[in-house]
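# Fold and geometry: a report
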Amino acid sequence: MARRMLENLGCTVDIARDGFEAVEAVRSVRYDLTFLDVRMPGLDGFATAAAIRSMGSAAAGLRIIAMSADMQESDQRRCIAAGMDDTIEKPLSLDIVNLLVTRWRR
């Protein structure tokens, strides 16, 4: 569903099956924006964001949006502390996805 929404907004989308694959993708491709599920297999979204942020210039400028079905205020603070730029709660709304893409895309 997220993929279709993003493609409808004109984004090119790559999908990672887990946190490890997401980190490797960021090492090899320069992305503008990434949506990370907080509860991914392998590395969760928090550990994945920390790994990406530790890359330094390899991921400089990459905007990270956390996705979760249960995003409470304490979760939002934890996401920001882990190096994420914003959060979105599932189920996704096209209007909110569009707002975030517009806000954070370079």
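In short, a report on the structure. Every value quoted in this text rests on a predicted model; they were computed, and no experiment measured them.

## Examining the pairing of strand E2 (residues 63-68)
With five of its six residues buried, E2 lies for the most part within the structure. Of the pairings in the sheet, the one linking strand E1 (residues 33-37) to E2 comprises five bridges and is parallel in character. Among the inter-strand pairings, Leu36 is bridged to a residue of E2, identified as Ala66. Of the crossover connections in this fold, the one passing from E1 over helix H3 (residues 45-53) to the parallel E2 is right-handed. Two strands pair when backbone bridges link them, and E2 and strand E3 (residues 86-89) are joined in this way by four bridges, in the parallel orientation. Paired with Ser68 across the strands is Glu89, a residue of E3. Viewed along the sheet, the connection from E2 through helix H4 (residues 73-81) into E3 turns out right-handed.

## With respect to the sheet that holds E3
As summarised here, the arrangement of the three strands in space is E1-E2-E3, forming an open sheet in which the pairing is parallel. The strands lining the two open edges of the sheet, one partner per strand, are E1 and E3. Taking each pair of neighbouring strands and ignoring which way they run, the sheet shows an average axis angle of 30 degrees. Of the strands in this sheet, E1, E2 and E3 are in contact with helix H5 (residues 94-104), which crosses E3 at around 170 degrees.

## Here we look at the environment of Trp104
Its location among the elements puts Trp104 in helix H5. Under the relative-accessibility criterion, Trp104 is labelled buried at 18%. Distance from Trp104 to Asp85, taken between C-alpha atoms, is 8.6 Å for residues 19 residues apart in sequence. Trp104 has contacts with Leu33, Arg63, Ile65, Asp85 and Asp86, leaving out every residue within four places of it along the chain. For Trp104, the side chain forms a polar contact with the side chain of Asp86, separated by 2.9 Å.

## Some points on the packing of helix H2 (residues 19-28) against H3
The geometry of H2 relative to H3 is characterised by a closest axis approach of 9 Å and an angle of 20 degrees between their N-to-C directions. By the angle between their directions, the pair H2 and H3 is classed as roughly parallel. Classified by chirality, the crossing of H3 by H2 is right-handed. Counted together, Gly19, Ala22, Val23 and Val26 of H2 and Thr48, Ala51 and Ile52 of H3 form the full contact between these two elements.

## Description of the side chain of Thr87
Structurally, Thr87 is set in strand E3. Judged by its relative accessible area of 14%, Thr87 is buried. Ignoring anything within four residues of it in the chain, the contact list for Thr87 reads Ile65, Ala66, Met71, Gln76, Cys79 and Leu100.

Rules behind the numbers
- Residues numbered from 1 in each chain as written.
- Predicted model: local features only at pLDDT ≥ 70, side-chain atom pairs only at ≥ 80, totals over all residues.
- Heavy atoms only, no water.
- Buried < 20%, exposed > 50% of the residue type's maximum accessible area, 1.4 Å probe, protein only.
- Helix = DSSP H or I, 4+ residues; strand = E, 2+ residues; numbered from the N terminus.
- Pairing = 2+ DSSP bridges.
- Right-handed = clockwise from strand over helix to strand, strands pointing away.
- Axes fitted to C-alpha atoms, helices over the stretch in contact; angles between N-to-C directions.
- Contact = heavy atoms within 4.5 Å.
- Polar contact = N/O pair within 3.5 Å; in protein donor to acceptor, adjacent residues only side chain to side chain.
- Parallel < 35°, antiparallel > 145°, perpendicular 65-115°, else oblique.
- Left-handed = near helix turned anticlockwise from the far one by under 90°.

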